[in-house]
Protein chains: 2
Amino acid sequence: MPDALPYGVDDRGRVVVAWGDAVVDLATLGGLDVGADVWTSGSLNAFFAEGPEAWALTRAQLQARLTPGSQVRTRPAGEVTLVLPFQVADYADFYASEAHATRMGQLLRPGSDPLPAAWRYLPMGYHGRSATVVVSGSAVPRPCGLRRAADGSLGYGPTARLDVEVEMGFVVGNGSTRGQPIPVEQAAAHVFGVVLVNDWSARDIQAFEYQPLGPFLGKSFATSVSPWVVPLDALAPYRVDGPAHDPEPAPYLRQREPRGYDVSLSLCINDTVVSRTSSADLYWSMAQQLAHLTANGANVRSGDLFASGTISGSTRSSAGSLMELAANGSEPIVLADGSTRTWLEDGDRVVIEGWCANMALGAVSGTVTAASHMGEP
Amino acid sequence: MPDALPYGVDDRGRVVVAWGDAVVDLATLGGLDVGADVWTSGSLNAFFAEGPEAWALTRAQLQARLTPGSQVRTRPAGEVTLVLPFQVADYADFYASEAHATRMGQLLRPGSDPLPAAWRYLPMGYHGRSATVVVSGSAVPRPCGLRRAADGSLGYGPTARLDVEVEMGFVVGNGSTRGQPIPVEQAAAHVFGVVLVNDWSARDIQAFEYQPLGPFLGKSFATSVSPWVVPLDALAPYRVDGPAHDPEPAPYLRQREPRGYDVSLSLCINDTVVSRTSSADLYWSMAQQLAHLTANGANVRSGDLFASGTISGSTRSSAGSLMELAANGSEPIVLADGSTRTWLEDGDRVVIEGWCANMALGAVSGTVTAASHMGEP
């Protein structure tokens, strides 16, 4: 069974690698060219700064060292507490799944063309809040905000429409220079690896605020990421051609195939799998997102997080949000205990898992807690 | 003449203070309780971390020390090169001027209610790109992007509608905790000071991309800030009542008067003053923006930059953008050399200056350079 050998950071600030069900401390492993100061720096950012050749060399050294039967000191994964693995510089969230964008358009703007006018011409996105990117396992207090109740009245209080979004994200390891766009074919060299992302969303807060400046408080309260960052090299065997572009995009967005990655994803609420989907059908690739974001001269930095946007399949049971799974509150889903959900309830535990064939990518989880500032803050 | 005694950072990484036309190096001044390591740290973030009491004490010590005739070693301001004075954590841009939001609505959505539906109920805003916040004086290469030409054709290339936005920003010195909204009356204690902001905008790129996720590449190529951060205490004598709220906002946004600041601003293109405006009429205050952004439980961090959005007065000559001054390209303005502008041309130098009565706040400048990546990147 192939091992992704993803990187994380434990609560002592040590860089660690997952190896099967065990965790290896890189500062004490030995045999690595990259020095111990990088492995004790408290985040992966120091490793990012070493550059793509050091990432590849380290992975090769780990693959040679971590073989069946080799004598390596490890800890059981269950005994290791992991923290946010990197300092997030800028966070941008995209909208790259055609099935998701189409279904959201149908639900929110029935009767009109469901896809936004620019959707097929460029990878749409917006900047999110870096401060509230949190590691898997962090509690997610139900956010409050201004929203309309079912009777149309407007008031400040806890969201009644708390949702999840199943996403994948990638982390920039290698920054760029302002004024120098990254060509799409060079984009992969800037990517360190991928994480699983839950882009929690408060649909009522979002609906009231989002025109014309886009999502803001409906999203900015929490974005959970997996504690393990999977090196992009580990995904190389799982590359797939992306869906055909129609119309053909502008030259700066044209990418040779295979541009996609076939990552299977499951969404689980209180131990009931409510959706299974895959990243294979994302219309816009990671490289296209990176080329687009820098096409106006903006630079990226080490630690930038790019999220895909909700990953949904064409059937409703493969949708990556409750908004879609329960048809905007109108068709509840049923959990294994017989209870139903249109939106998340306090106490609900949400887990997103990812894998490529039989290679696990880990999980991102979070539990909803009661609003800590009911009524007025 | 009162001195704002703003803080900056020079190109040796030393914290400096502007004193009239001179610059004082705090690491060598002596007589300050805050230690030299803070003044040689390369940014103001270390000073932010000292907290509000240290900020007030330092200002009092500087006011006592920097009096007419006192013997202090200084350098002429013209001999000092200043860098970006703080590391920007998250950057959020608001839309707080009613005259601006109204005029933009009239230009972009004629015949409908010009103000977005939520505008009077909450301070609308969005997250911008921290990586491209640059210090005054930085060149601004004309950005490229996908935009429609006058004949309706879509293509990638340099923007034909490069604009400025006259804004004020404030810098968070004192962060907060996720899950704990900042009450509006406590917001000022989190603010270190203010800067002048030019939120450069490419109107054609923005127009094509911005629905429904908001501004992205039309804004993310550059945001210029003044090199001097004016402590909020320096603005205390210039507080004014804000415009009346109608309707009364939700309790978490209700603030005692005076909630505004009367900062005069001028916009200058190639030495022609093309607009004079003031921050006194901003509908939503700094404290209201801070209370709103945290009302969903999001935390702020030291180094967060909040910008006001374009500051425009009710007359067109007091508008803070070319979009308004030249009526979306239809009514060119005339510069002192007889040339006309609807949008910025390569080589144009833009300067925004700010002052309160006779206290100068400094300036933010930038010069447009030719697109460095014409055609395809």
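Residues numbered from 1 in each chain as written. Chains lettered and ligands numbered in written order. Predicted model: local features only at pLDDT ≥ 70, side-chain atom pairs only at ≥ 80, totals over all residues. Heavy atoms only, no water.

**Some remarks on the relation of the copies chain A and chain B**
In screw terms, the move from chain A to chain B is a rotation of 180° and a rise of 0.0 Å along the axis, fitting with an RMSD of 0.0 Å. Accordingly, the operation relating the two chain copies is best matched by a two-fold axis. Considering only C-alpha atoms, the part of chain A nearest the rotation axis is Gly214(A), at 2.0 Å. (Least-squares fit on C-alpha atoms with pLDDT ≥ 70 in both.)

**Focus: the sheet that holds strand β24 (residues 349–356) of chain A**
Residues and elements named next belong to chain A. The strand order across the open sheet formed by five strands is β8-β25-β24-β19-β20, and the pairing between neighbours is mixed. Lying at the two open borders of the sheet, with one neighbouring strand each, are β8 (140–141) and β20 (272–278). As paired elements, β8 and strand β25 (residues 359–369) share two bridges and run parallel to each other. Note on β25: the bridge partner recorded for Val140 is Val368. (Pairing = 2+ DSSP bridges. Helix = DSSP H or I, 4+ residues; strand = E, 2+ residues; numbered from the N terminus.)

**Some thoughts on the pairing of strand β13 (residues 191–198) of chain B**
Residues and elements named next belong to chain B. Along β13, eight of the eight residues are buried, which leaves the element largely enclosed by surrounding structure. Sheet topology note: the strand β12 (residues 166–172)/β13 ladder contains seven bridges and is antiparallel. Across the sheet, the residue bridging to Gly169 is Val195, located in β13. Taken together, the two bridges between β13 and strand β16 (residues 230–231) define a ladder with antiparallel strand orientation. Bridging across to β16, Val194 finds its partner in Val230. Relative to strand β15 (residues 223–225), β13 runs antiparallel, the two being bridged by two bridges. Within β15, the position partnered with Val197 by the bridge is Val225. (Buried < 20%, exposed > 50% of the residue type's maximum accessible area, 1.4 Å probe, protein only.)

**Describing the sheet that holds strand β1 (residues 7–9) of chain B**
Think of a sheet as strands paired side by side through backbone hydrogen bonds, with each pair either parallel or antiparallel. Residues and elements named next belong to chain B. Reading across from one edge, β1-β2-β3-β4 is the order of the four strands in this open sheet, with antiparallel pairing throughout. One side of each edge strand has no neighbouring strand; the edge strands of this open sheet are β1 and β4 (75–76). Inspection of the sheet shows β1 paired to strand β2 (residues 15–19) by three bridges, in the antiparallel sense. The partner of Val9 across the bridge, within β2, is Val15.

**Focus on the interface of chain A and chain B**
On the chain B side, the residues contacting the 60 residues of chain A number 59 residues. When the two sides are added together, the surface that chain A and chain B hide from each other amounts to roughly 5,500 Å², 63% of it contributed by carbon and sulfur. For the pair chain A and chain B, the interface holds four salt bridges. In this structure, Asp90(B) and Arg129(A) form a salt bridge, with 3.9 Å as the shortest nitrogen-oxygen distance. (Contact = heavy atoms within 4.5 Å. Buried area = accessible area lost by both parts, 1.4 Å probe. Salt bridge = Lys/Arg side-chain N within 4 Å of Asp/Glu carboxyl O.)

**Some points on the packing of aromatic side chains**
Each aromatic ring pair is specified by the distance between its two centres and by the angle formed by the two planes. All names here are of chain B. Across all of its chains, the model carries 28 aromatic pairs over all chains by this definition. Aromatic side chains Phe47 and Phe192 sit 5.6 Å apart centroid to centroid with 80° between the ring planes, which places their arrangement in the edge-to-face category. Highlighted residues: Phe47 in helix α3 (residues 45–50) and Phe192 in strand β13, separated in sequence by 145 residues. Residues Phe47 and Phe192 agree in their burial class; the two are buried. (Phe/Tyr/Trp six-rings, centres within 6.5 Å; stacked < 30°, edge-to-face > 60°.)

**Thoughts on the pattern of salt bridges**
All names here are of chain B. Applying the stated rule across the entire model yields 40 salt bridges over all chains. Residue Glu165 pairs with Lys219 through a salt bridge whose shortest N-O separation is 2.8 Å. Residue Glu165 is located in the loop between β11 (162–163) and β12, and its partner Lys219 is located in the loop between α6 (203–209) and β15; the two are separated by 54 residues in the primary sequence. You'll find Glu165 and Lys219 in the same group, each marked buried. Residue Asp348 is joined to Arg341 by a salt bridge in which the shortest nitrogen-to-oxygen separation is 2.8 Å. Its relative accessible area of 6% is what places Arg341 among the buried residues.

**Quick look at the confidence of the model for chain A**
Summarising the model, chain A shows a mean pLDDT of 96, and 98% of its residues fall at 70 or more. In the model output, the complex is listed with pTM 0.98 alongside ipTM 0.97. (pLDDT = per-residue confidence, 0-100.)

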